[in-house]
Each structure stands twice: as structure tokens, then as C-alpha cells.
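Fold and geometry: a report
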2 protein chains.
Amino acid sequence: MAPIQNSAVIFAEIPSDYPVPGKHLKYVKDRTIDLDNVDMQGGIVTKNLVISIDPYMRGRMRSAEAKSYSPAFELNQPLTNFFVGKVVKSENEKFIVGQYIYGFGGYEEYTVHSKAQTDLLQVISEERIQLGLPLTTWVGAAGMPGQTAYHGFYHIGEPKKGETIFITGASGAVGQIVGQLAKREGLTVIGSAGTDDKVKWLQTELHFDHAFNYKTADVKAELAKFDPLNIYFDNVGGDQLEAALGAAANHARFVECGMISQYNTPDAHGIRNLILIVAKRLKLQGFIVSDKLKEPSFHQEFYSKIPKWIANGEIKVKEDVTKGLEQAPEAILGIFQGKNFGKAVIQIADE
Amino acid sequence: MAPIQNSAVIFAEIPSDYPVPGKHLKYVKDRTIDLDNVDMQGGIVTKNLVISIDPYMRGRMRSAEAKSYSPAFELNQPLTNFFVGKVVKSENEKFIVGQYIYGFGGYEEYTVHSKAQTDLLQVISEERIQLGLPLTTWVGAAGMPGQTAYHGFYHIGEPKKGETIFITGASGAVGQIVGQLAKREGLTVIGSAGTDDKVKWLQTELHFDHAFNYKTADVKAELAKFDPLNIYFDNVGGDQLEAALGAAANHARFVECGMISQYNTPDAHGIRNLILIVAKRLKLQGFIVSDKLKEPSFHQEFYSKIPKWIANGEIKVKEDVTKGLEQAPEAILGIFQGKNFGKAVIQIADE
């Protein structure tokens, strides 16, 4: 077989604010891979089917010298992220051609995973495949964002029935799951989002107790309609974090999952009311779900519950699927502008 | 006996920034008390010997309508705070004339404590008196500020040998104890203070590994000389909090004890790098020691250790004692301007 196309989205230049498609993130069509002669280094080759877009990727668009929790993207190489692919070649006996794989892959049609890299991949078991979820969901509610929601809500939020929670980015990949878990646990759930459509969906489909458009509403006034907050699940930071500090109850827990409002601004918004951390005895706790994923018991707990709840409709999932890698740079920019409605994901190929 | 003088410091007016002696806080000489005919309401009368000055008092200089963790001072009444007094009259069998009492009392020569109020007072036992500490120390290192240091450092800071801690307000009532506990536990201890004298004392007397004057030094550069911070013990907030976020190690604990730099400024300093809470998985935890004081086991743990360590010189104590209630308004203002060197306290009378 002759070399075949292996188009990709390349990290071409480090952005200082928003990543510009065609400049910082480039779709490159004329790459190839020779499946017959590729050096697998004891690993496997996957045909990539879906790949996730997540806010944390902005942090990886930096110089390799700047240390952070997640490695910088390599310049002139494909972006990488959580993906689902199908094994098309294998030199590793743990992986069989035809199996579905979840883990880290490239923004490209085919990825070569060396032996060392395959250690971090997991096979999506036949039992899970039988649940019939779209493959996109395994990188969304049933993948890293769902794990983020689950861990952050239960282990850092420490929810108790009857409490009040406020979630920013509430229609996003993580927020939508947190809100539904919170309803399930008997909390009063308030969410904010950036369009009226998203707000309506939170109210009518997810049955949030209250939802509002943070761009047009007075956040403080909206929060003042309810009891003081026992949990703030933060995906956004900035003004809304400041409002949540003001609206917090004594001993409230702030689950610091992300601050997307701050990722693309060299001059971040200054938060002025941190004195309330002392006066109200607040706990603000940041976390990265990958730390938690090292615990096998967490894996088991998560996968024994969430995929089933999605399959039987107890948890609803809203995904924003973009078809084709060539659309990916725009779709990535879109999540920082709030253009996605639901979990953003790229469908690279249909099987 | 005729009525005798009972001079006091009165909360005369609510300040908008710094409390001005003679305006917001007034020394009033011509008050009296008739010890023979005073209505004790089933309680006791104390002759007040020492009374504490603490930063949290600024939060009580507000309108009674504004809720916070500690009640507002009553307008036209004496300020109140932790004190040591001697029982001069008693209608409550738990208290005997001549005993030393620790608890809440007034900025006045004599205080009447009703039956309900005496429930919150404790007798300083004969065993403790035998340690020979100055009475001032029972409202300082062996009182609320010492308890604040102990609880915050051990239970929120979760120190481990070999870690690095940064303490702001390091020569103050709480900071000086935290630093010595941290040295005792084998941590690398960095402290900041606001005069060169204080810095020198931290280095030569308390043997901090490093100390600097935050008014003249570059805080970020000073912190960069050492390993990333595992614990930040915050008494100050503002710029130094921002610098500590920048210098923090992953999984660092921020013990949010106070933010004295923010208490007298209507426009607080905006902290711009809170995104590091997520990226470094930080925990910022506010606390009020009075919550912890409800646990009898904490009382016992604290009093079984700290007073002895002070008495035998293992913990050194620096106190800034002002004599006489008439000097108290200036001394109170002084702690917000960093004029005190060590734990600020008023000596009302010598026995």
C-alpha cells in the first residue's frame, strides 16, 4: 500500500491571546503515513475517530520552557488530546486490531503510539461498547470532562442535600454534568451561561432551579435571589468568581476547576474581595483530574456509574460535534469565545 | 463605698478607613461604677488588668446591621476583646473573688459580666499561674493569637518536615508563633515584616532561615531565592498574597488567617493570578479560631503544650505593651500602621 493522507492540525506559533486559526493553529492537508512501513516502536497505530476540545488546551499553547501541570504542545507537531481511535496495526499484544481505544492521541487521521505511550491508553471494553453511547461521549461525559465533574463535585464540593450550588460554564462539558449530579443529590442548582439558548436548555432540559445569562444579567442580583452558596463550581473565574465570593455562605467550598475568562487575557481581572475567604472561612481548592485518575478505585467508581446513567437517560448529554479536522482550528477558538453549545468535540472520521 | 472611676475606650463613630483616636475611638475618663450597688445579674465583676489589641477588631468597627463572623462593637459602649481580669465580686459560685479570669472583657477598668456572659469566661488555673508567665501572655501567645497560630499551622497548613513556609506579618502576635512552630517541625522558614528592626529580630532571635522587609525588598525576588512554597501563612493579603501564589509549589496550602493590608482600604487590591489555584492545585482555606475553640480536645492540646514551651524558653514571645487605657486608641490605630513590634496589648492596671 502506498503512503496515504494523514492530515493534521499543527501547533504553528505561540499565541499571546486568542489562538488564530491559520496562524497559531494550522490545518495541514499534505501529510502522509505509510501504514505498511511505519515504525511502531513496539506500539500501535490508531485510525482516529473523535478527538476532544477542552479549555485546558489553551495552557498547552505555550513555550516548552514554561512549566505547568500539562506539557506544552510541540511546535510544528499535531495538537494532542483525549481521543477515541480504532487499532489498525499492533506490535503490542495488549491491543488487538479492531479494538476501540481511549486515551491521548493526535489531531490527525492516524497516530503512531510507541510502546511507552500505549501504557497510557485503555481499551474501551466490549461491555462499555454495548451501552451504545456515541463514540464522542467517551471523550466527554464518559471521559475526562465527566471525571472532572464527578471528582470536583463529590470530593472537593462535599455536597449535602438541601445545599445551594452555583455553576459557571454550566452548559459546558463539565458544568452540565455537575448540575445534573447536584440535582440528583437534592441541591438547589443555579447555573450561568453565555447565551439565552444555553440558559433555556439548562432550565427546561436539565431542570436547574435557576439559570441566567451572565452577559446580560446582574450576577450579584441573580445570586441574591437564593440562599447563600454552599458550593461554587468555578469554570470561568473573573467577575463571576468575585460575585460568588460575595454570595457565599460561611464554610462554602469553591471547586476551582477552571477560569476560562482568564486564559486569553495577558492582564487578568483582579479579584478584590478575597478577604471574604477569611471572614466566611471559605475553602478554595484547585484540582487537576489527572492527579485523581492515578487511583484505580476512582476509575472503577466512575465507569461503574456514569456511562450507565447516560445510557439510561438519567444523565443527559449535550455535545457540539464539529466534523472534519479542517474545521478544528475554528472550533478550538470557538470554545474560548463561548461559541460551542455543549461538549466540544471533533469527529475526525466515521469508523 | 462611693462610686469609683471606671474610665473606658468607647466606640464613638464608625470609621470608613483608619480609625481616628478621639473621633472613632474615644477615651472617656468620667465614667463611674458603684461596686457596692452594681447589678451583677447573677454574674461577676472583674477588675481588668490587661486587654488584647487584635487586627480582627477592625472588622467589628462597623454598623451593627452588617453581618460578619464577629459582632459589631456597640456604639457609645466600651470596645471589648480578650482580657485578663481579677474577680472582685461574684454572684456565681464558679468564680471566686481573687481568681484570674481569661475571656471577653471591656476596654474599661471594671467590667460587669452577667450570668450568661460568665459561661464564656475561664479561670486561669493555679497550675497555669505557677508557670509565672506575665499576665499579658495569656491574651497573646498563650491565648487567642497563639491558638490561631497553632490551629492554622498544624490543621490547615499540614506541615511536613523539609517543606518551605512563608509567613507575612511574621513578627506579629500570630506570625512569631507560627515561625517558631515551623522551625520546631523542621521547615525552612521565610518571614516578612515592615521594619528592619523586626526583620533583624526574626533572623537573630527566632532564627528564621530568611526574613525581609516587604516595604523595601522585591517580594518576588526574595521568595525566588528558596524552593517553591509548600505553605503560605497569610496575615497580610494584597501584593504579598499575589507573590506567594506565584512562588507556590504544586499542592501548596494557603492558611488564610488575615489580610491586614486590606482592612482599612475601601478599594481593596485586586489579585490577578488566581488561575494558579487551578494550575498548581492550591488550597486556600480561611478560618476563624473561635470555631475551633468549641472543641474541648483542642483546648486541652493547646494548653498542655504552648504555655510550658513559653515558660521554658522553647518559644520566645515578643510583646508590645502599652500602659493605660488613655493610650489605647493610638495603640489600636498603630497595629494597622504596623507600629507595634510584637503582640500588642494594653496594661490597664498592675493587679
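Under an unreviewed UniProt entry, the name given to chain A is 15-oxoprostaglandin 13-reductase, and the source organism is Rotaria socialis. Per UniProt, the comment on chain A under Sequence similarities (unreviewed entry) is "Belongs to the NADP-dependent oxidoreductase L4BD family."

On a plain count of helices and strands, chain A comes out with twelve helices and 17 strands. Taken over C-alpha atoms, the radius of gyration comes to 21 Å for chain A, in line with the 20 Å a tight globule of 351 residues would show. Dimensions along the principal axes, computed over C-alpha positions, put chain A at roughly 65 × 45 × 35 Å. In chain A, which comprises 351 residues, the proportion classed as buried is 57%. A sequence separation of at least 24 residues applies to 70% of the contacts in chain A between residues at least 6 apart. Put simply, chain A shows about 14,400 Å² of open surface, and 50% of that area lies on carbon and sulfur atoms.

Below, the discussion takes up the side chain of A:T168. Residue and element names in this part refer to chain A. Assignment of secondary structure puts T168 in the loop between strand 10 (164-167) and helix 5 (175-184). A polar side-chain atom of T168 sits 3.2 Å from a polar atom in the side chain of Y232. Dropping the residues within four chain positions of it, T168 is found in contact with S192, Y232, F233, D234, N235, V236 and Q240.

It is worth spelling out the interface of chain B and chain A at this point. Listed as interface residues are 28 residues of chain B and, on the opposing side, 28 residues of chain A. Contact with chain A buries surface across chain B, with B:L274, B:V278 and B:R281 losing the most and accounting together for 25% of the total. Applying the counting rule to chain B against chain A returns two salt bridges. Between A:D291 and B:R281 there is a salt bridge, with the nearest N and O atoms lying 2.8 Å from each other. Our count for the chain B to chain A interface comes out at six residue pairs in polar contact (both at pLDDT 80 or more). Elements with a minimum of two residues in the side of chain B that touches chain A: strand 14 (248-256), helix 9 (275-279) and strand 15 (283-286) of chain B. Classifying every residue of the side of chain B that touches chain A by side-chain character gives 16 nonpolar, seven polar and five charged.

This paragraph deals with the domain arrangement of chain A. Residues and elements named next belong to chain A. Under the domain assignment used here, chain A contains domain 1 (4-134 + 318-347) and domain 2 (144-290). Averaged C-alpha coordinates put domain 1 and domain 2 at centres separated by 29 Å. Across the domain 1/domain 2 interface, buried area totals approximately 1,400 Å², and carbon plus sulfur atoms make up 65% of it. Where domain 1 meets domain 2, there are zero salt bridges. Counting across the interface, domain 1 meets domain 2 through four residue pairs in polar contact (both at pLDDT 80 or more). Split into classes, the residues belonging to the side of domain 1 that touches domain 2 amount to ten nonpolar, four polar and five charged.

Here we come to the relation of the copies chain B and chain A. In this arrangement, two copies of a chain are superimposed by a rotation about an axis accompanied by a shift along the axis. Overlaying chain B on chain A yields an RMSD of 0.0 Å, the required transformation being a rotation through 180° with an accompanying axial translation of 0.0 Å. When the rotation and shift are considered jointly, the pair of chain copies conforms to a two-fold rotation axis. Considering only C-alpha atoms, the part of chain B nearest the rotation axis is B:G270, at 2.0 Å.

Another aspect to go through is helix 5 of chain A. Residues and elements named next belong to chain A. In terms of residue burial, helix 5 counts as a mostly covered element, since eight of its ten residues are buried. Of all the positions in helix 5, only G175, Q176, I177, V178, G179, Q180, L181 and A182 are classed as buried. Of the residues trailing helix 5, G186 is marked for its positive phi of about 80°.

Right, let's get into the sheet that holds strand 11 (residues 188-193) of chain A. Spatial strand order, 12(A)-11(A)-10(A)-13(A)-14(A)-15(A)-15(B)-14(B)-13(B)-10(B)-11(B)-12(B): twelve strands in an open sheet with mixed pairing. Strands with a single pairing partner mark the edges of an open sheet, and in this sheet they are strand 12 (210-213) of chain A together with strand 12 (210-213) of chain B. On average, adjacent strands in this sheet sit at an angle of 15° to one another, irrespective of strand direction. In this structure, strand 14 of chain B lies alongside strand 15 of chain B, joined through four bridges in parallel fashion. What sits directly across from B:R253, in strand 15 of chain B, is B:K283. Here helix 8 (residues 239-247) of chain A sits on the sheet in contact with strand 10, strand 11, strand 12, strand 13 (229-234) and strand 14 (248-256) of chain A, set at roughly 150° to strand 14 of chain A. Relative to strand 13 (residues 229-234) of chain B, helix 4 (residues 144-156) of chain B is tilted by about 155°, and along the sheet it contacts strand 10 (164-167), strand 13, strand 14 and strand 15 of chain B.

Conventions used here
Residues numbered from 1 in each chain as written. Chains lettered and ligands numbered in written order. Predicted model: local features only at pLDDT ≥ 70, side-chain atom pairs only at ≥ 80, totals over all residues. Heavy atoms only, no water. UniProt positions renumbered as here; feature names shortened; annotations may be inferred. Helix = DSSP H or I, 4+ residues; strand = E, 2+ residues; numbered from the N terminus. Rg over C-alpha atoms; globule rule 2.2 N^0.38 Å. Buried < 20%, exposed > 50% of the residue type's maximum accessible area, 1.4 Å probe, protein only. Contact = heavy atoms within 4.5 Å. Areas by Shrake-Rupley, 256 points an atom, 1.4 Å probe, with all protein chains shown as cover. Polar contact = N/O pair within 3.5 Å; in protein donor to acceptor, adjacent residues only side chain to side chain. Buried area = accessible area lost by both parts, 1.4 Å probe. Salt bridge = Lys/Arg side-chain N within 4 Å of Asp/Glu carboxyl O. Nonpolar A, V, L, I, M, F, W, Y, C, P; charged D, E, K, R; others polar. Domains from an automatic or database assignment. Least-squares fit on C-alpha atoms with pLDDT ≥ 70 in both. Pairing = 2+ DSSP bridges. Axes fitted to C-alpha atoms, helices over the stretch in contact; angles between N-to-C directions.

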